[in-house]
Amino acid sequence: MVLISLVREYIGRMLQDISGMKVLILDSWTVSIVSVVYSQSELLQKEVFLVELVDSMSKEPMTHLKAVYFLRPTSDNIQNLRRQLAVPRFGEYHLFFSNALKVTQIHVLADSDEQEVVQQVQEFFADFCAIDPYHFTLNLHSNHMYMLPAVVDPPSLQSFCDRIVDGIAAVFLALKRRPVIRYQRTSDVAKRIAQETAKLMYEQESGLFDFRRTETSPLLLVIDRRDDPVTPLLTQWTYQAMVHELIGILDNKVHLRNVGTVPKDQQEVVLSSEQDAFFKANMYENFGDLGLNIKQMVDDFQQIAKSNQNILTIDDMAKFVNNYPDYRKMHGNVSKHVTMVTEMSRIVEERKLMLVSQTEQELACNNGQAAAFEGVNKLLNSESVSDIDCLRLVMLYALRYEKESPVQLMQLFNKLASRSAKYKSGLVQFLLKQAGVDKRTGDLYGNRDLLNIARNMARGLKGVENVYTQHQPLLFQSIENITKGRLKDIDYPFIGNHFQQGRPQEVVVFIVGGTTYEEARTVALHNAANSGTRFILGGTVVLNSQRFLKDLEEAHTISRASVIL
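Keep in mind it's a predicted model, so treat the numbers as computed, not measured. (Residues numbered from 1 in each chain as written. Predicted model: local features only at pLDDT ≥ 70, side-chain atom pairs only at ≥ 80, totals over all residues. Heavy atoms only, no water.)

**Some remarks on the overall build of the chain**
Thinking step 1. Summing up its helical and strand segments, the chain has 20 helices and 13 strands in all.
Thinking step 2. Since a compact globule built from 565 residues should have a radius of gyration of about 24 Å, the 26 Å found for the chain is in line with a globular shape.
Thinking step 3. Across the 565 residues of the chain, 54% fall into the buried class.
Thinking step 4. Considering only residue pairs separated by 6 or more positions, the chain has 82% of its internal contacts joining residues 24 or more positions apart.
Thinking step 5. Only carbon and sulfur atoms are counted for the fraction: they give 52% of the accessible area of the chain, which is about 26,400 Å².
Thinking step 6. Each charge class in the chain was averaged separately, 61 positive and 66 negative side chains, and the resulting centres sit 3 Å apart. (Helix = DSSP H or I, 4+ residues; strand = E, 2+ residues; numbered from the N terminus. Rg over C-alpha atoms; globule rule 2.2 N^0.38 Å. Buried < 20%, exposed > 50% of the residue type's maximum accessible area, 1.4 Å probe, protein only. Contact = heavy atoms within 4.5 Å. Areas by Shrake-Rupley, 256 points an atom, 1.4 Å probe, with all protein chains shown as cover. Lys, Arg positive; Asp, Glu negative; His and termini not counted. Charge placed at Lys NZ, Arg CZ, Asp CG, Glu CD.)

**A word on the pairing of strand E1 (residues 22–26)**
Thinking step 1. Of all five residues making up E1, five are buried, and the element is well covered by its neighbours.
Thinking step 2. Every second residue of E1 is oriented toward a common face, with Lys 22, Leu 24 and Leu 26 on one face and Val 23 and Ile 25 on the other, all of them buried.
Thinking step 3. The pairing of E1 with strand E3 (residues 62–71) spans five bridges and is classified as parallel. Each residue of the ladder has a partner; that of Leu 24, found in E3, is Val 68.
Thinking step 4. Pairing of E1 with strand E2 (residues 48–53), which is carried by five bridges, proceeds in the parallel orientation. The residue bridging Leu 26 from the neighbouring strand is Leu 53, located in E2. (Pairing = 2+ DSSP bridges.)

**Some remarks on the packing of helix H13 (residues 369–380) against helix H14 (residues 387–401)**
Thinking step 1. One can describe the packing of H13 onto H14 by two numbers: an axis separation of 10 Å at closest approach and a directional angle of 165°. Between H13 and H14, the angle falls in the class roughly antiparallel. For the element pair H13 and H14, the recorded crossing hand is left-handed. Residues Gln 369, Ala 372, Phe 373, Val 376, Leu 379 and Leu 380 of H13 lie in contact with H14, whose contacting residues are Cys 390, Leu 393, Val 394, Tyr 397 and Tyr 401.
Thinking step 2. Of the residues belonging to the contact of H13 with H14, the class tally is 10 nonpolar, one polar and no charged. (Axes fitted to C-alpha atoms, helices over the stretch in contact; angles between N-to-C directions. Parallel < 35°, antiparallel > 145°, perpendicular 65-115°, else oblique. Left-handed = near helix turned anticlockwise from the far one by under 90°. Nonpolar A, V, L, I, M, F, W, Y, C, P; charged D, E, K, R; others polar.)

**So, the packing of aromatic side chains**
Thinking step 1. One pass over the full model with this rule turns up 11 aromatic pairs.
Thinking step 2. Ring geometry for Tyr 69 and Tyr 93: centres 5.7 Å apart, planes at 20°, overall stacked. Placement of Tyr 69 in strand E3 and of Tyr 93 in strand E4 (residues 90–97) is noted, with a sequence separation of 24 residues between them.
Thinking step 3. On the accessibility criterion, Tyr 93 (1% relative accessible area) is buried.
Thinking step 4. Between the NZ or CZ atom of Arg 8 and the centre of the ring of Tyr 38, over which it lies, the distance is 4.5 Å. (Phe/Tyr/Trp six-rings, centres within 6.5 Å; stacked < 30°, edge-to-face > 60°. Lys NZ or Arg CZ within 6 Å of the ring centre and 35° of its normal.)

**Section: H13**
Thinking step 1. For H13, spanning 12 residues, the distance from its first C-alpha to its last is 16 Å, which sits close to the expected 16 Å at 1.5 Å a residue.
Thinking step 2. Every buried residue of H13 is listed here: Ala 372, Phe 373, Val 376, Leu 379 and Leu 380. Viewed along the axis of H13, the buried residues span an arc of 135°, placing them on a single side of the element. Residues of H13 that are exposed and point more than 90 degrees away from the buried face comprise Ala 370, Ala 371, Glu 374 and Lys 378.
Thinking step 3. Lining the buried residues of H13 we find helix H12 (353–365), H14 and helix H15 (406–419). (Expected span 1.5 Å × (residues − 1). Arc of directions from axis to C-beta.)

**Some remarks on the pattern of salt bridges**
A side chain with one charge can pair with a side chain of the opposite charge if their charged atoms come near.
Thinking step 1. Throughout the structure, instances matching the rule amount to 27 salt bridges.
Thinking step 2. Arg 13 is paired through a salt bridge with Glu 9; the nearest N and O atoms lie 3.6 Å apart. With Arg 13 and Glu 9 both in helix H1 (residues 3–16) and four residues apart, this pair spans about one turn of that helix.
Thinking step 3. Taking relative accessible area as the criterion, Arg 13 reaches 38% and is therefore assigned partly exposed.
Thinking step 4. Judged by its relative accessible area of 35%, Glu 9 falls in the partly exposed class.
Thinking step 5. Across the pair Asp 491 and Arg 185 runs a salt bridge, and its minimum N-O distance is 3.6 Å. Here the residue Asp 491 occupies a position in the loop between helix H18 (474–483) and strand E12 (506–512), and Arg 185 occupies one in the loop between strand E8 (180–183) and helix H7 (188–204), the gap between them amounting to 306 residues.
Thinking step 6. Judged by relative accessible area, which is 43%, Arg 185 ranks as partly exposed.
Thinking step 7. Shared partners join several salt bridges into a network, and the residues in it are Arg 72, Asp 127, Arg 163 and Asp 166. (Salt bridge = Lys/Arg side-chain N within 4 Å of Asp/Glu carboxyl O.)

**A few points about the sheet that holds strand E6 (residues 129–132)**
Thinking step 1. Here six strands make up an open sheet; going across it, the order is E6-E7-E13-E12-E9-E8 and the pairing mixed. On the outer flanks of this sheet lie E6 and E8, each paired with one strand and no other. Averaged over all pairs of adjacent strands, the angle between their axes in this sheet comes to 25°, without regard to strand direction.
Thinking step 2. Bridge analysis of strand E7 (residues 135–137) against strand E13 (residues 534–539) gives three bridges, and the strand direction is parallel. What sits directly across from Phe 136, in E13, is Gly 538.
Thinking step 3. Where helix H19 (residues 517–528) meets the sheet, it contacts E6, E7, E12 and E13, and its direction lies at approximately 165° from that of E13.

**Let's talk about the packing of H13 against H15**
Thinking step 1. The geometry of H13 relative to H15 is characterised by a closest axis approach of 11 Å and an angle of 10° between their N-to-C directions. When the interaxial angle is binned, H13 and H15 end up roughly parallel. Seen from H13, the contacting residues are Gln 369, Phe 373, Val 376, Asn 377, Leu 379 and Leu 380; seen from H15, they are Gln 408, Gln 411, Leu 412, Lys 415, Leu 416 and Arg 419.
Thinking step 2. Its residues assigned to classes, the contact of H13 with H15 comprises six nonpolar, four polar and two charged.

**What about the pairing of E4?**
Thinking step 1. Counting buried residues in E4 gives six out of eight residues, a clear majority hidden from the surface.
Thinking step 2. Relative to E4, E3 runs parallel, the two sharing seven bridges. Pairing of Ala 67 across the sheet is with Tyr 93, part of E4.
Thinking step 3. Considered for its hand, the β-α-β crossover made up of E3, helix H4 (residues 75–86) and E4 is right-handed.
Thinking step 4. When E4 meets strand E5 (residues 118–123), the two strands line up parallel, connected through five bridges. (Right-handed = clockwise from strand over helix to strand, strands pointing away.)

**A short note on the environment of Thr 186**
Thinking step 1. In this structure, Thr 186 sits in the loop between E8 and H7.
Thinking step 2. In this structure Thr 186 comes out as partly exposed when scored by relative accessible area, which is 29%.
Thinking step 3. If we ignore the near neighbours within four places in the chain, the residues touching Thr 186 are Lys 439, Arg 440 and Thr 441.
Thinking step 4. Polar side-chain contacts of Thr 186 include one of 3.0 Å to the side chain of Gln 184.
Thinking step 5. Looking at Thr 186, its side chain comes within polar contact range of the main-chain oxygen of Lys 439, at 3.3 Å. (Polar contact = N/O pair within 3.5 Å; in protein donor to acceptor, adjacent residues only side chain to side chain.)

Pasting the structure below:
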């Protein structure tokens, strides 16, 4: 069963077993968990009368209602509950937690329930945001922590790691599995998280993870975003990834408030493969095919709208009224997708992204330093190319040719700095220090030219893909290596004495520093091919280039401050 189904089942059971009108009380994290798997109309069907946040609730007594709390088991939430149980607003309290409670927390809750209003306390392991069937995120605000140099070890780094371990543990508790654990050798933070996860699963809470053993243990692979800094820097050309890159997606919602004259009910739209059949069918399609499919959807809608205008009889009217909810839903869906594609087309034209992306793809996929330098240099001279796109181009060039062309690289640094004072602070150099060739484990470029030849031959048989979607993330190679039993122990060591017996049938790859929708697409397409090994992808956040650069800037600022001190 995939994660999104498991979380839906948890929430469904939680609400279904409590009859009558309910208030659902969430925290700032669990509101994301619930919102990506349940719509407001579905909550209403479960008799949820009201949704409130635990730290900003009204004090109005509602003793006729039953309170269903779904919270992370944090000390703040426990203290909030303690105060609320002292003066109960509701007739009944049903307490559910997204992860394991500590014994001391259970005692606090028991001591606080002096009026005996608590009917049940349960742990539902859903301490992660299941945004797609095989893709989850932890939405960590402090995501830049992973990129800090080892000499900078702020106290907040431990809470960052603890939160990741909690999220990973919840995933495996939901799946009812205990994995063998491997990590990226060159990453201190990946090793730390892998070790702490193993300690939790095999020592501190070994009883909790003592599930029936499968023939081959599942695998948890913890890797570092810095092993593939190229993927989050590239312009995207498949639907879901492109929306996130150019507009932004958070918890499967897209904000369109700043897009032209969008009506109020379309200013925030849901983009979920579980709730939108058109999106599910097209989320991995490239931009050209997407345009054709949207045109077909508009044509189909116009036919239905035309037939609704021909209301001549009472029967016609009754038919229209019965079909009206579906008609309204279809109208909203068509409007949503047309609005997003129109806005993305505007941004592509305004930022000359088709021109920029050709050079990006050449840098990521093909070898040819002289032509690459000329292409980047030409775009840096163009006033129609934005500063942020110039920065991405220089970063991609630097990652590819850092050892081969130091003179040309310095010329690009200077040209970039002359365009924008913001980039005089050495952001590209900091990226090379943190994610340059000496820091990476995977073969980000070494065999790409041979891979491209093979891929292009395959495409020639299936129909040529366009130049903008040549790139395959490094994760593609990792999946291939795991599936074929070729993941090297020296590069990805095991934790402890728990080794893999045979090839795993279930693999969770967790990327410290964040996933991308391009990587989620890679995982989904692999799973659809039914190779015998199912992959789930998780990470600290879902990145687009803006978020990746923001994390880089924050880490750079902290690093410089620590040097000065």
